[in-house]
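Residue-level structural notes
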Amino acid sequence: LTADRGLNRARETIMASWLKAALDYVPAWIEHQMALTEQPGCAIAITHKGKVVLERAFGIASERTGEKLTPRHRFRIASHSKTFTAAAIMLLREDGRLSLDDPAGLYVEGLHPDVAAATLEQLLSHSSGLIRDGGDAGQWQNERPFLDEADLRRDLAAAPVIAASTRFKYSNHAFGLLGLVIEAVTGETYGDFVTRAILKPHRLTEITPDMPLPAGTPFVTGHGRKLPLGRRPIVPGDNPTHALAAATGFVASAGHLARFFASLDPAAASSPLTPSSRRDMTRRQWSLPHMADATDYGLGVSRSKVGDWSWFGHGGAFQSGLSTTMVIEGRDLAVCVLTNAIDGPAAEWAAGIVHILQTFEQRGAATARTRDWSGRWWSLWHTADLVPVADGVLVADPALLRPLDHAAEIAVTGRDKGFVRLAGGYDIHGEGAALRRDGKGAVAEVVLGGSRLLREAAMKRFLKRRFPD
């Protein structure tokens, strides 16, 4: 038993080492991605064993005011709302108040007969065949308000678009209907029940089921794409979603959203749901058709992979921004990325963060030998991040969505000397690498092959001298 405890402590120490190294690099990479894409703002959070271990905000909350973005700012998280709705349904099932095999018509009147026959499981897994957003989806163009209950019920009185259980077909209306089911079963409003049963007991105080927010709550302003206007239009994103809150209404900070999703991991120590319910939610129900990447869906959660790491989670697309959360199965990790522009690459950045975590798990943290080979370095041609790992130094490209993929590698042979032991055929494989220090002993230049790379400020000075206006 003592030996087992010692082995577990050693494993935890190793993980803490590589995880800390990964967490140190993630913000530097996101900062460069923000600059390249000219995004207004982004907030990220990473949890380990249900606790937030990284929480950062980049950029501004609004281009109109220039307000600095903070980790406490709330974002519209759109379809992440569906996971909260699924969790609420599972809670009611645990209490014996409903069954996933129940037809929606058992709880909600006035539905088309085929809509009434759709089971709660079909609604949760997007296999009910219901219309996605109604015959008039102008709410997504800011042409009309989101549907109230009367509007939603009118749409639900029409027949489904396709027969149930024929394929995955995403439907916000299906989750709006689940919201009506929750209200019928509990006798409470949807928002009141989710707040009482899920948010408050688990101290998710920075999550709200819909707008408006309490006075004084920091909230980001949304932004549209630069094209076709040539500037980002302000899209406030503060409009209530009414009867579709169960599908798309939620507002959250990155840290609290990551904590909630981490609690849905079947292995999580603390959760609103039993392990059995969590396994049912996160198990594959349907594969998504007509997509380039293999993606599945459970009950209110998406499923896919980054490399060989499987994840479950959800994405969100509101007029004011994009968001993504991934829970890495078997590793007690969750990653959340929130943006406040409709072209914010939240899914790509979340996957990039997972890629960085994977690389550090495989390569380990820096050692005393490699530690000084670090930082961001500039030349006329490109930007390079020196990323020290246990057995060498990776030359990362922070402009890439997977910055450590196919990175050149430096073998360190002395305090400031090394050589490029691995690089592409067009690169400098086998050539020398060196650090050059200033009079105070700080690294001031990096030499790779025959090229010098400088710190950003030094590179700016060089460019101004070499290419004056």
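Each chain carries its own residue numbering, running from 1 in the direction its sequence is written. Note on the predicted model: pLDDT of at least 70 is required for a residue's local features to be given, and 80 or more for side-chain atom pairs to be given and counted; whole-chain, interface and lining totals, by contrast, use all residues. Side-chain numbers come from the whole structure's heavy atoms, not from hydrogens or water.

The next subject is the pattern of salt bridges. Every case where a carboxyl oxygen of Asp or Glu lies within 4 Å of a side-chain nitrogen of Lys or Arg is listed as a salt bridge. Enumeration according to the criterion identifies 29 salt bridges in this entry. One salt bridge in this structure joins arginine 144 and aspartate 151, with 3.6 Å as the shortest N-O distance. Close ionic contact of arginine 436 with glutamate 445 constitutes a salt bridge, the shortest N to O distance being 3.4 Å. On the accessibility criterion, arginine 436 (42% relative accessible area) is partly exposed. Partly exposed describes any residue whose relative accessible area lies between the buried limit of under 20% and the exposed limit of over 50%, with all areas from a 1.4 Å probe on protein chains only and scaled to the type maximum.

So, on to the packing of helix α2 (residues 81-94) against helix α7 (residues 190-199). Between α2 and α7, whose axes approach to 10 Å, the crossing angle comes to 75°. Between α2 and α7, the angle is such that the two are roughly perpendicular. Here Ser81, Phe84, Thr85, Ala87, Ala88, Leu91 and Leu92 of α2 come into contact with α7, specifically with Tyr190, Phe193, Val194, Ala197, Ile198 and Leu199. Just so you know the grouping, Ala, Val, Leu, Ile, Met, Phe, Trp, Tyr, Cys and Pro go in nonpolar, Asp, Glu, Lys and Arg go in charged, and all remaining residues, Gly too, go in polar. A per-class count over the contact of α2 with α7 returns 11 nonpolar, two polar and no charged. Between N-to-C directions, angles cover 0 to 180 degrees, with each direction set by a line fitted to C-alpha atoms, over the stretch in contact for helices. Helix and strand assignments follow DSSP, with helices taken as H or I runs no shorter than four residues and strands as E runs no shorter than two, numbered in order from the N terminus. Each angle gets one of four labels, with under 35 degrees taken as roughly parallel, over 145 as roughly antiparallel, 65 to 115 as roughly perpendicular, and the rest as oblique. Here, two residues are considered to be in contact whenever any of their heavy atoms come within 4.5 Å of each other.

Take the state of the cysteines next. Disulfide assignment relies on a single distance test, namely cysteine sulfur atoms paired within 2.5 Å. Applying the stated criterion to the full structure yields zero disulfides. You can see cysteine 42 has no disulfide; the closest cysteine sulfur is in cysteine 336, sitting 9.2 Å from it. The buried category is assigned to cysteine 42, whose relative accessible area is 0%.

It is worth spelling out the environment of glycine 222 at this point. Residue placement: glycine 222 occurs in strand β5 (residues 222-223). Residues glycine 222 and phenylalanine 75, spaced 147 residues apart in sequence, show a C-alpha to C-alpha distance of 8.5 Å. Each residue touching glycine 222, except ones within four places of it in the same chain, is listed here: Pro233, Ile234, Val235, Pro236, Ser320 and Asn340.

Another point: the nonpolar core. Throughout this description, the term nonpolar core refers to a set of buried Ala, Val, Leu, Ile, Met, Phe, Trp, Tyr and Cys residues connected via side-chain atoms within 4.5 Å. In terms of nonpolar packing, the biggest core is built from 77 residues, with Phe84, Leu123, Leu177, Ile198 and Phe260 touching the most fellow members. If near-sequence neighbours (up to four positions away) are discounted, phenylalanine 260 is found in contact with Thr83, Phe84, Ala87, Ile198, Leu204 and Ile207. Counting residues in each nonpolar core, the second largest holds 38 residues, with Val26, Ile46, Ile328 and Ile356 among its members.

So, on to the sheet that holds strand β3 (residues 75-76). In short, DSSP must find at least two bridges between two strands for them to pair. In space, the three strands of this open sheet follow the order β3-β7-β4, with antiparallel pairing throughout. Of all the strands in the sheet, just β3 and β4 (207-208) have a single pairing partner and so form its edges. Bridge analysis of β3 against strand β7 (residues 251-252) gives two bridges, and the strand direction is antiparallel. Along β7, the bridge assignment pairs phenylalanine 75 with alanine 252.

Like-charged residues within 9 Å of one another, or nonpolar side chains (Val, Leu, Ile, Met, Phe, Trp, Tyr) within 5 Å, are grouped into patches, provided each residue has over 30% relative accessible area and no salt bridge. Areas reported here follow the Shrake-Rupley algorithm with a probe of radius 1.4 Å; residue values treat only the protein chains shown as occluding. Residues Leu380, Trp381 and Phe467 make up a contiguous nonpolar surface patch of about 440 Å² in total accessible area. A residue is classified by how much of its surface remains accessible, and leucine 380, at 54% relative accessible area, is exposed.

Here we take up the pairing of strand β20 (residues 443-448). For β20, the tally of buried residues reaches five of six residues, placing the bulk of the element in the interior. Relative to β20, strand β19 (residues 432-437) runs antiparallel, the two being bridged by five bridges. In the sheet register, alanine 433 faces β20, and the bridge partner there is leucine 448. Two successive antiparallel strands, β19 and β20, enclose a turn made up of five residues, where glycine 441 displays a positive phi of approximately 90°. Two strands pair when backbone bridges link them, and β20 and strand β21 (residues 451-454) are joined in this way by four bridges, in the antiparallel orientation. Note on β21: the bridge partner recorded for leucine 448 is serine 451.

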